[in-house]
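Chain by chain, the residues:
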Amino acid sequence: MNFDDTLEKFLAHVSLSGTGSKDTQDAYRRDVSRFLSFLEEKKIDDFNAVTREDISEYITELRSGDIGGVPLSNYSFARSLSSLKSFYKYLNRYEGIQANPVVLFHAGNPRRHLPEVLTFDQMEKLLDSFDLSDPKEVRDRCMIEVIYACGLRVSECAGLEIARINLKERYLSVIGKESKERMVPFYPRCGQLISYYLKEVRPLFMKGKTEHGILFVSRKGKPISVRAIQLILDQAAQKAGIPFHVHPHMIRHSFATHLLDNGADLRVVQELLGHENLSTTQIYTHVSQDRLKKAVEKAHPHAKEIQK
């Protein structure tokens with residue numbers, strides 16, 4: 001079996017199924033390539049011939065730094081093992097491989113980094129930074145508002161179809177990871193902005209162009225790209241005076257955190273985000289707790305360090 005060809009087919013599958021960002025796909029490539037190099041060194045040329053003992057040896061060498069040169073942190077190890085499990089799931093489903101020696105291995109519960117979020121005031125400052133007399137900035141504000149109002153991934157925003165938006169009932173349907181559809185409501189201000197963009201701005205960009213049904217378009221009438229949204233957001237954050245880099249996923253994080261801060265049920269937030277497991281959503285409760293703790297440490301008179 002040609003390992004390189006199999007890896008490329010796996011990465012193409014990940015890309016087409018929309019199950020990860022560009023950074024996630026790059027991590028898949030690094031992690032799986034490292035595993036394939038290990039198999040080649042052991043002269044194993046068939047995935048069905050890989051045993052649990054081989055996987056155990058690989059994991060031991062990976063964690064110790066014998067593979068890669070640097071011992072892996074719990075977080076990096078968990079990511080590497082997750083990549084390997086996804087790869088074997090693909091092999092079992094699409095390449096006719098019967099064995100899955102990775103399935104019984106677990107990474108434990110590595111401490112996750114808390115996601116970065118904007119405060120509500122920072123979010124409003126960002127949204128207010130757009131000049132709504134400029135058609136391009138109307139579109140840009142509308143994109144960022146939709147991401148924040150609905151907790152969308154940047155790829156979901158870029159691929160959002162007009163036909164999936166119900167302005168009367170104020171909700172949209174989005175196709176998320178693994179082609180799963182979810183329904184997400186949005187607040188009136190967002191609905192008004194989408195309506196204005198559709199009536200007054202998008203027709204300007206689409207004049208003389210072939211209709212494709214994607215909501216957000218460039219000034220040439222083509223579907224907006226993920227990279228364009230990232231650049232627009234970064235520039236808007238600088239204009240708004242936010243003193244750090246702002247990326248689209250931070251807006252999604254802010255959506256979830258602000259809902260929980262204001263009393264939303266965790267399972268409702270899970271459904272809105274399209275998370276399969278509640279444990280993925282629970283990270284945002286830690287964000288809220290961490291912010292409360294920092295607020296108390298900063299403001300409470302008894303929180304100051306005792307002078308000795």
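Because the structure is predicted, anything quoted here is derived from the model rather than measured.

Q: I tried to follow the packing of helix α2 (residues 22–41) against helix α3 (residues 52–64) on my own but got confused; where do I start?
A: Contact pair α2 / α3: the axes reach a minimum separation of 11 Å and the direction vectors enclose 120°. Between α2 and α3 lies a crossing of right-handed hand. Here α2 contributes Asp 31, Arg 34, Phe 35 and Phe 38 to the contact with α3, which in turn contributes Asp 54, Ile 55, Glu 57, Tyr 58, Glu 61 and Leu 62. Looking at the contact of α2 with α3 residue by residue, the class counts come to 5 nonpolar, no polar and 5 charged.

Q: Looking at this model, I keep getting lost on the environment of Leu 152. Mind explaining?
A: Mapped onto the secondary structure, Leu 152 falls in the loop between α6 (135–150) and α7 (154–158). Classification of Leu 152 by relative accessible area gives buried; the value is 0%. Residues Leu 152 and His 249 lie 97 residues apart in sequence; the distance between their C-alpha atoms is 8.3 Å. Every residue in contact with Leu 152, bar those within four places of it in the chain, is listed here: Val 146, Ile 147, Cys 157, Leu 172, Val 174, Arg 182 and Arg 252.

Q: What is the right way to read the nonpolar core from this model?
A: Soluble globular proteins: nonpolar side chains tend toward being buried together. Core analysis: the biggest nonpolar cluster contains 55 residues, and Leu 126, Val 146, Leu 172, Phe 216 and Ile 251 have the highest contact counts within it. Looking at this core, the element that brings in the most residues is α6, giving 9 residues. The contact partners of Leu 126, leaving out residues within four places of it in the chain, are Leu 118, Ile 144, Leu 233, Ala 236, Ala 237, Ala 240, Ile 242 and Ile 251. Ranked by size, the runner-up nonpolar core spans 30 residues in total, among them Leu 39, Leu 72, Phe 87 and Tyr 88.

Q: I keep staring at a negative patch on the surface and nothing clicks. Help me out?
A: Residues Asp 4, Asp 5, Glu 40 and Glu 41 make up a contiguous surface patch of negative charge. Looking at the element boundaries, Glu 41 is found in helix α2. Judged by relative accessible area, Glu 41 falls into the exposed class, the value being 66%.

Q: Can you walk me through the pattern of salt bridges in this structure?
A: As a working rule, side chains carrying opposite charge can pair if their charged atoms are close by. Enumeration according to the criterion identifies 18 salt bridges in this entry. Residue Asp 31 pairs with Arg 34 through a salt bridge whose shortest N-O separation is 3.0 Å. Of this pair, Asp 31 and Arg 34 both sit in helix α2, 3 residues apart, which is roughly one turn of the helix. Owing to a relative accessible area of 23%, Arg 34 belongs among the partly exposed residues under this scheme. Look at the salt bridges and you will find they share partners, linking Glu 124, Arg 141, Glu 145 and Arg 189 into a network.

Rules used throughout
Residues numbered from 1 in each chain as written. Predicted model: local features only at pLDDT ≥ 70, side-chain atom pairs only at ≥ 80, totals over all residues. Heavy atoms only, no water. Axes fitted to C-alpha atoms, helices over the stretch in contact; angles between N-to-C directions. Helix = DSSP H or I, 4+ residues; strand = E, 2+ residues; numbered from the N terminus. Left-handed = near helix turned anticlockwise from the far one by under 90°. Contact = heavy atoms within 4.5 Å. Nonpolar A, V, L, I, M, F, W, Y, C, P; charged D, E, K, R; others polar. Buried < 20%, exposed > 50% of the residue type's maximum accessible area, 1.4 Å probe, protein only. Core = buried A, V, L, I, M, F, W, Y, C linked by side-chain atoms within 4.5 Å. Patch = residues over 30% accessible without salt bridge, like charges linked within 9 Å, V, L, I, M, F, W, Y side chains within 5 Å. Areas by Shrake-Rupley, 256 points an atom, 1.4 Å probe, with all protein chains shown as cover. Salt bridge = Lys/Arg side-chain N within 4 Å of Asp/Glu carboxyl O. Lys, Arg positive; Asp, Glu negative; His and termini not counted. Charge placed at Lys NZ, Arg CZ, Asp CG, Glu CD.

This is a description of form; function is not addressed.
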